[in-house]
Amino acid sequence: MTQVLEDENRLVVIRSHLNAPDGRLMRSLLDARGIHAFLSGENVAGMNEGMFANLMVRAGNREEAEHILSNVRALPASAFPVRQDPDGEELACHRCGSSRVHPFVGRLPSSVPFLRQTVSQKDAFYHCLECGSYYTEKRPRFSSLTIAVMWGGTLALITLLIIWVINWLQWS
């Protein structure tokens with residue numbers, strides 16, 4: 001009897017060589033149907049490009065899990081379009097190294113309120129689908145210097161205003 005239970009509870013691989021997002025999608029689909037699934041190597045696959053994870057279920061749930069996932073297809077990495085720069089090199093994100101990037105046109109998100117740069121197609125900005133960063137292959141113009149000088153001047157004026165208010169309060 002215990003041998004039968006051990007055979008039913010052992011983990012078997014039903015999908016292999018999955019990237020982390022595809023593996024999580026399949027695991028959540030199985031979890032929604034009541035089948036507990038395990039994604040081995042999930043953290044390694046999520047941190048390192050080129051590493052893969054395996055989707056595992058209990059041996060007793062294998063047939064049902066295969067039936068649920070029979071209509072689900074994960075795209076292999078080669079199915080994504082390869083984007084190349086003008087020199088013919090493959091574009092890769094500057095932050096995470098992923099090749100899942102696409103051209104971006106619109107207003108760039110900014111941590112500084114009310115200062116959002118609008119980029120056009122000629123600016124050649126890209127958006128990474130893995131880490132969400134925005135970058136350009138072109139050398140930056142002097143716009144960052146202009147913003148730095150503007151913020152420096154603003155902070156200097158605020159500092160002078162605070163000093164003036166303190167001195168005025170002392171002599172009042």
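Residues numbered from 1 in each chain as written. Predicted model: local features only at pLDDT ≥ 70, side-chain atom pairs only at ≥ 80, totals over all residues. Heavy atoms only, no water.

Undergrad: Would you mind going over the overall build of the protein in detail, with residue names and values included?
TA: Summing up its helical and strand segments, the protein has 5 helices and 8 strands in all. For the protein, the α and β elements follow one another from N to C terminus as α-β-α-β-α-β-α-β-β-β-β-β-α. In the protein, the proportion of contacts linking residues at least 24 apart, taken out of those at least 6 apart, comes to 53%. (Helix = DSSP H or I, 4+ residues; strand = E, 2+ residues; numbered from the N terminus. Contact = heavy atoms within 4.5 Å.)

Undergrad: Before we move on, can you summarise the sheet that holds strand β2 (residues 37-40) with the specific residues and values?
TA: Pairing is antiparallel in the open sheet, where 3 strands are placed in the order β1-β3-β2. Either end of the sheet is taken by a strand with one partner, and the two such strands are β1 (11-18) and β2. Within this sheet the neighbouring strands show an average axis-to-axis angle of 25°, counted without direction. Relative to β2, helix α2 (residues 20-32) is tilted by about 165°, and along the sheet it contacts β1, β2 and β3 (53-58). (Pairing = 2+ DSSP bridges. Axes fitted to C-alpha atoms, helices over the stretch in contact; angles between N-to-C directions.)

Undergrad: Provide a residue-level description of the confidence of the model for the protein, including the pertinent values.
TA: With 80% of its residues at a pLDDT of at least 70, the protein reaches an overall mean of 79. Per-element confidence in the protein is highest for helix α4 (residues 62-68), whose mean pLDDT is 90, and lowest for helix α1 (residues 2-9), whose mean pLDDT is 61. (pLDDT = per-residue confidence, 0-100.)

Undergrad: Kindly report on the nonpolar core, identifying the contributing residues and their values.
TA: Counting 15 residues, the largest nonpolar core has I14, L30, L55, V57 and L69 as the members making the most contacts within it. At the level of elements, β1, α2, β2, β3 and α4 are the ones that each hand at least two residues to this core. Core analysis: the next-biggest nonpolar cluster, separate from the first, contains 6 residues, L91, V101, Y126 and C128 among them. (Core = buried A, V, L, I, M, F, W, Y, C linked by side-chain atoms within 4.5 Å. Buried < 20%, exposed > 50% of the residue type's maximum accessible area, 1.4 Å probe, protein only.)

Undergrad: So what about the pairing of β3? Which residues, and what values?
TA: In terms of strand pairing, β1 meets β3 through 5 bridges, oriented antiparallel. Bridging from a neighbouring strand, L18 pairs with A53 of β3. As paired elements, β2 and β3 share 4 bridges and run antiparallel to each other. Paired with S40 across the strands is N54, a residue of β3.

Undergrad: Mind laying out the sheet that holds strand β8 (residues 134-136), listing which residues take part and the relevant values?
TA: Spatially, the 3 strands line up as an open sheet ordered β4-β7-β8, and their pairing is antiparallel. Because the sheet does not close on itself, it has two edges, and the strands there are β4 (101-104) and β8. On average, each strand axis in the sheet is tilted by 40° relative to the strand beside it, whichever way the strands run. Note: β4 against strand β7 (residues 125-128), 4 bridges, orientation antiparallel. Bridging across to β7, P103 finds its partner in Y126.

Undergrad: An account of the pattern of salt bridges is needed here, citing residue identities and associated values.
TA: Considering all chains together, one arrives at 1 salt bridge under this definition. Notably, a salt bridge pairs R15 with E66, separated by 3.1 Å at the nearest N-O pair. Taken as a pair, R15 in strand β1 and E66 in helix α4 lie far apart in primary sequence, 51 residues in all. (Salt bridge = Lys/Arg side-chain N within 4 Å of Asp/Glu carboxyl O.)

Undergrad: Hey, could you go over α2 for me, with residue numbers and the actual values?
TA: Along an α-helix, a turn takes 3.6 residues, which lines up residues three or four apart on a common side. For α2, which comprises 13 residues, the first-to-last C-alpha distance of 18 Å matches the rise-based estimate of 18 Å (1.5 Å per residue) to within 8%. Every buried residue of α2 is accounted for by A20, D22, G23, M26 and L30. An end-on view of α2 places all buried positions within 165° of arc, on one side of the element. Residues of α2 that are exposed and point over 90 degrees away from its buried face: L25 and A32. One or two steps after α2, the chain reaches G34, where phi turns positive at roughly 90°. (Expected span 1.5 Å × (residues − 1). Arc of directions from axis to C-beta.)

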